[in-house]
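# Commentary on secondary and tertiary structure
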Amino acid sequence: MKKIIQFLLLAIALVFSTSVMAQSTVTGTIIDSETTTPLPGVNVIEKGTTNGVSTDFDGNFTLKTRSSDAVIVITYVGFISQEISISGDTDLGNIVLKSSFFGLEEIYVIASVAVDRKTPIAVSTIKAEEIELKLGSQEFPEILKSTPGVYATRAGGGFGDGRINIRGFSSENVAVLINGIPVNDMENGRVYWSNWAGLGGVTSQMQVQRGLGASKLAVPSIGGTINIITKTTDVEVGGSVYAEVGNDNYRKFGLTYSTGIMKNGLATTISVDKTEGDSYIDGNEFTSFSYFINLSKRFNDKHKLSFSAFGAKQNHGQRQNRHLISTYRASESGIKFNSDWGYKNGQVTHVEDNFYHKPLISLNHYWTISDKTSVSTSAYASYGTGGGGGTAGVNKFSNSDYRVGNLGPIDLDRIVDENIANGANGSTSILRASRNDHSWFGFLSTLKTNLSDNYVLLLGLDLRDYTGRHFREVTDLLGGQYFAVDDDVNNPNTTVQVGDKFSYHNDGKVGWTGAFGQIEYSKNKVAAFASLSLSNTSYKRIDYFNYLDSDSLQETDGYNFFGYSIKGGLNYNINNNHTLFANLGYFEKAPGFNSVFLNFDNEHINEDAENQKITSYELGYKFRSEKFAANVNLYSTQWKDRTLTRSFQNSDGTFSAANILGVNALHTGIELDFVYKASDKLSLSGMASFGDWTWQNDLTDIQIFDEQQNLIQTINLFIKDLHVGDAAQTTMALGMNYELMPKTNLIIDYNYYDNLYSRYDPNGRTDPDNRSDAWEVPSFGTFDLIFRHGFNIGDDFDATLTARMYNVFDTEYISGALDGGDDLNSLVWFAYGRTFNVSARINF
């Protein structure tokens, strides 16, 4: 018996020693080939097992294998996977991962992608994997809601109606670039996210560069720059199918396929998806078809050519009108109440809606002149058709007598019956669309040359030509025979039918000529840059309704405004853990189109309109270690002679607009964010932003216009020391990502908002003795919950199931308001309550 026990103990010892001897320790650092920076969060797995780790913030990993002879598999979304065989303990050194997208390196040059611990700006980068994980049925800007300094909401709640503010600045003053191409409207600077409904599925990376940013172009990056890099063409053959369902009949289905680089050097990627649903908000049904195509060819080592086209044709109902809190409480729909829709012949009809299609087409040429010099060029075109719906004639639509039930939908059948009864006198109330069609052509080219090991010079040209066509058209006579108008001096006292133009018809022409230069320095611990951009903006207006075709005033002369920007920054890496940076800049931005043509006519022209003047500076500190990364930023932005068009809602449900010139504002604040990798399975993240944003002066002779662009009054505006509204000045976030098992994660995010002031109503700020602040919306916080599980289907397919729930505890909160002095009189939008969706993706 004793010998048997000794034998068993010996056998156990041998087995144990064998297993220990069979293990190996593998170390390495994973680097991005495009930016030469470490890649955190890369998956490193022992092939054929679930044994794996992910890289830390410096791209480092340590993996103990179960076998001394093993194959290490390295995977990361957007990069080509690698398999490396090892035998025994191995230090793999630097492992360079190449992008899985063709031509991405050259796009990085055009798009001015910031590099961590090198580019001296405040920046947050969101990779494709996180976008795919968290976006779901949210609006595209909402993927940034846990980013410092950002306030992103769904506005009225319609599909694609999301909006974003950075450091208190709205989209007019936040530069949005797609592959380096500016997409802010050339006349008013706005960004309409519904035009880009398919971006979530084709974005490889998105950067939010807060403050003046790294863009070399003279773009409106006052609050920051949203730098979106789309996929190009996948280097490897493959694709995916995608399906998603959610609350309120939400449905999305998509397909992507890539040929990879074929023997002839050609590669093609095609992606399509359709999204539709009923929306959480009443009467906001939507449908969208988005598409993306890229064809790329490598001719030789010096020349690459890439053609891409993407867009989204969509239409959706809208909730344009805000309401008193008491109105929502009285409605049977509660916070889902929407006054801007009704029933006609038993069918849902949107009184306020949006329909648009804006494809962006680009042809990119990448020329490697030598080892030191390259040129990246993009020629692009964009054609927009569509607009927003509304009403014309007698405003019965806001009359409670024309509603079904208690604050129910509009009884459009009653209006139809009344128009029919009106007989030969035509319709008194109709539906119309305000169209904003446009054509936009651009040329953008950047030369990059390494002057030495330490200096890089970039020079570029930025040309744009834009024509916006603005008019109203009849969309539904609501039973009547015609609609009588007297808007067109070339055709007075006439009648219009569906599809005819009325009210106004004019073109806005904008030309842009820009040039830029930037010098970059990098050596050891120091990196710095200095840049100068010059631009000339020209405006011309053509009015087809207010002037006879024979009148020389029908088309104005061109008016030119010179702008420029100068900025620089310094980054100093104290050691491997600590970094300091600073940047400052000054630029003058051309006044807006409506600041030149003041009264929507061709006679009152402000040809000496002041440039908008912006001074900005920022100080920052970064900490990086194996487990912990953090950033702290201090900023100040002074804006003088700002031009602003402020739309506001009247008590009768109509809208007016104030053309505000010469306003000054000061935005200061501090931002903090961190990520802590507590273990290989658990990571924690957080951020906090504290802003102080105020208007700095009172204004006189502010013009107010109605929806037909008629001047109705001139007022004085007393807003000095008033807080800037429409964005929370205090935001905080906490997040947790826990790996329950391999390829299975639980994600919890919490976001908190405070110091959200309502947007002032110009009509309520005409009394110099009224210096009270705008009404402050109650603070609020929301939880989001995500569960993701990945698994393989056979040897050729991998699949992912993701379940998402937003606003888990169904928190009721107000996301934006128009100031009425207090909670009883302010007009508000309630945000979404609890929503959910489930998606499945199969990659092949």
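Residues numbered from 1 in each chain as written. Predicted model: local features only at pLDDT ≥ 70, side-chain atom pairs only at ≥ 80, totals over all residues. Heavy atoms only, no water.

### As for the overall build of the chain
A tally of helices and strands in the chain yields seven helices and 49 strands. Taking 844 residues into account, the globule formula puts the C-alpha radius of gyration at 28 Å, and the chain, at 29 Å, falls close to it. In terms of its C-alpha atoms, the chain occupies a principal-axis envelope of roughly 110 × 65 × 60 Å. Considering only contacts within the chain whose residues lie at least 6 apart along the sequence, 68% involve residues at least 24 apart. A total accessible area of about 34400 Å² is found for the chain, and carbon and sulfur atoms account for 55% of it. (Helix = DSSP H or I, 4+ residues; strand = E, 2+ residues; numbered from the N terminus. Rg over C-alpha atoms; globule rule 2.2 N^0.38 Å. Contact = heavy atoms within 4.5 Å. Areas by Shrake-Rupley, 256 points an atom, 1.4 Å probe, with all protein chains shown as cover.)

### Side note on the packing of aromatic side chains
The geometry of an aromatic ring pair is captured by two quantities: the separation of the ring centres and the angle between the planes. Counted according to the given criterion, the structure contains 32 aromatic pairs. For the pair Phe780 and Tyr813, a centre-to-centre distance of 4.1 Å together with 15 degrees between the ring planes defines the contact as stacked. You can see Phe780 sitting in strand S45 (residues 780-793) and its partner Tyr813 sitting in the loop between strand S46 (797-806) and strand S47 (814-818), a full 33 residues away along the chain. The same class applies to Phe780 and to Tyr813, which are both buried. Put simply, the rings of Tyr539, Tyr559, Phe561, Phe593 and Phe597 touch in pairs and so form one group of aromatic residues. When the ring centre of Tyr832 is taken as origin, the NZ or CZ atom of Arg154, which lies over that ring, is 4.2 Å away. Between Arg167 and the ring centre of Tyr635, over which it is positioned, the NZ or CZ distance is 4.0 Å. (Phe/Tyr/Trp six-rings, centres within 6.5 Å; stacked < 30°, edge-to-face > 60°. Buried < 20%, exposed > 50% of the residue type's maximum accessible area, 1.4 Å probe, protein only. Lys NZ or Arg CZ within 6 Å of the ring centre and 35° of its normal.)

### A few points about the pairing of strand S2 (residues 43-46)
The alternating pattern of S2 places Val44 and Glu46 on a buried face, while none of Asn43 and Ile45, on the opposite face, is buried. Two strands pair when backbone bridges link them, and S2 and strand S3 (residues 52-54) are joined in this way by three bridges, in the antiparallel orientation. Bridge assignment links Ile45 to a residue of S3, and that residue is Gly52. Hairpin remark: S2 followed by S3, antiparallel, with five residues in the connecting loop; positive phi at Gly48, about 85 degrees. By the bridge criterion, four bridges tie S2 to strand S5 (residues 69-75) in an arrangement that is antiparallel. Across the sheet, residue Asn43 finds its bridge partner in S5, namely Thr75. (Pairing = 2+ DSSP bridges.)

### Quick word on the pattern of salt bridges
A complete count under the given rule lists 33 salt bridges for this structure. Between Arg154 and Glu142 there is a salt bridge, with its nearest N and O atoms 3.2 Å apart. Of this pair, Arg154 sits in the loop between strand S10 (150-153) and strand S11 (163-166) while Glu142 is found in the loop between helix H3 (128-134) and S10, placing the two residues 12 residues apart along the sequence. Glu142 carries the same exposure label as Arg154, and that label is buried. (Salt bridge = Lys/Arg side-chain N within 4 Å of Asp/Glu carboxyl O.)

### What to know about the sheet that holds strand S4 (residues 60-65)
Pairing in this open sheet of three strands is mixed, and the strands run S4-S1-S7 from one edge to the other. Sheet topology places S4 and strand S7 (90-97) at the edges, where each strand pairs with a single neighbour. Adjacent strand axes in the sheet meet at a mean angle of 25 degrees, parallel and antiparallel pairs treated alike. As defined by bridge partners, strand S1 (residues 24-32) adjoins S7 across six bridges and the pair is classed as parallel. Of the residues in S7, the one forming a bridge with Thr27 is Asp91. (Axes fitted to C-alpha atoms, helices over the stretch in contact; angles between N-to-C directions.)

### Topic: the environment of Tyr466
Turning to its location among the elements, Tyr466 is positioned in strand S29 (residues 455-476). Tyr466 sits 436 residues away from Ile30 along the chain, and the two C-alpha atoms are 44 Å apart. The residues contacting Tyr466, other than those within four sequence positions of it, are Asp185, Met186, Glu187, Asn436, His438, Ser439, Trp440, Gly508, Lys509 and Val510.

### Some thoughts on the environment of Lys525
Tracing the backbone shows Lys525 in the loop between strand S32 (501-523) and strand S33 (526-543). Judged by relative accessible area, Lys525 falls into the partly exposed class, the value being 40%. Aside from chain neighbours lying at most four places away, what touches Lys525 is Asn571, Tyr572, Asn573 and Ile574. A polar side-chain atom of Lys525 sits 3.0 Å from the main-chain carbonyl oxygen of Ile574. (Polar contact = N/O pair within 3.5 Å; in protein donor to acceptor, adjacent residues only side chain to side chain.)

### Focus on the sheet that holds strand S9 (residues 122-127)
On the basis of which strands lie adjacent, the open sheet formed by five strands has the order S9-S14-S15-S12-S13 and mixed pairing. At either end of the open sheet lies a strand with only one pairing partner, and these are S9 and strand S13 (181-182). For S9 and strand S14 (residues 203-210), the ladder comprises six bridges, and the chain directions are antiparallel. Looking at S14, one finds that Ile126 is bridged to Met206.

### Side note on the nonpolar core
Among the nonpolar cores identified, the biggest contains 47 residues, and Leu144, Trp193, Leu199, Ile226 and Ile228 are the most heavily contacted of them. Sequence-distant contacts of Ile228, defined by excluding residues within four places in its chain, comprise Phe140, Val176, Leu177, Ile178, Asn179, Trp193, Leu199, Thr203, Gln205 and Met206. By size, the runner-up hydrophobic cluster in this structure holds 41 residues, among which are Ile325, Tyr635, Ala665 and Val724. (Core = buried A, V, L, I, M, F, W, Y, C linked by side-chain atoms within 4.5 Å.)

### Let's talk about the side chain of Asp488
Residue placement: Asp488 occurs in the loop between strand S30 (483-485) and strand S31 (494-496). Of the side chains with opposite charge, Lys501 lies nearest to the buried Asp488, which makes no salt bridge, at 9.7 Å. Sequence-distant contacts of Asp488, that is, excluding residues within four places in its chain, are made with Tyr544 and Phe545. (Lys, Arg positive; Asp, Glu negative; His and termini not counted.)

### Side note on helix H6 (residues 412-421)
Those residues of H6 that fall on the buried side of the exposure criterion are Leu412, Ile415, Val416 and Asn419. The arc that holds every buried residue of H6, seen down its axis, measures 105 degrees, which confines them to one face. Projecting away from the buried face of H6 at angles above 90 degrees are the exposed residues Asp417 and Ala421. On its buried face, H6 sits against strand S22 (341-344), strand S23 (347-350), strand S27 (410-411) and strand S28 (429-450). Just downstream of H6 lies Gly423, where phi reads positive at about 55 degrees. (Arc of directions from axis to C-beta.)

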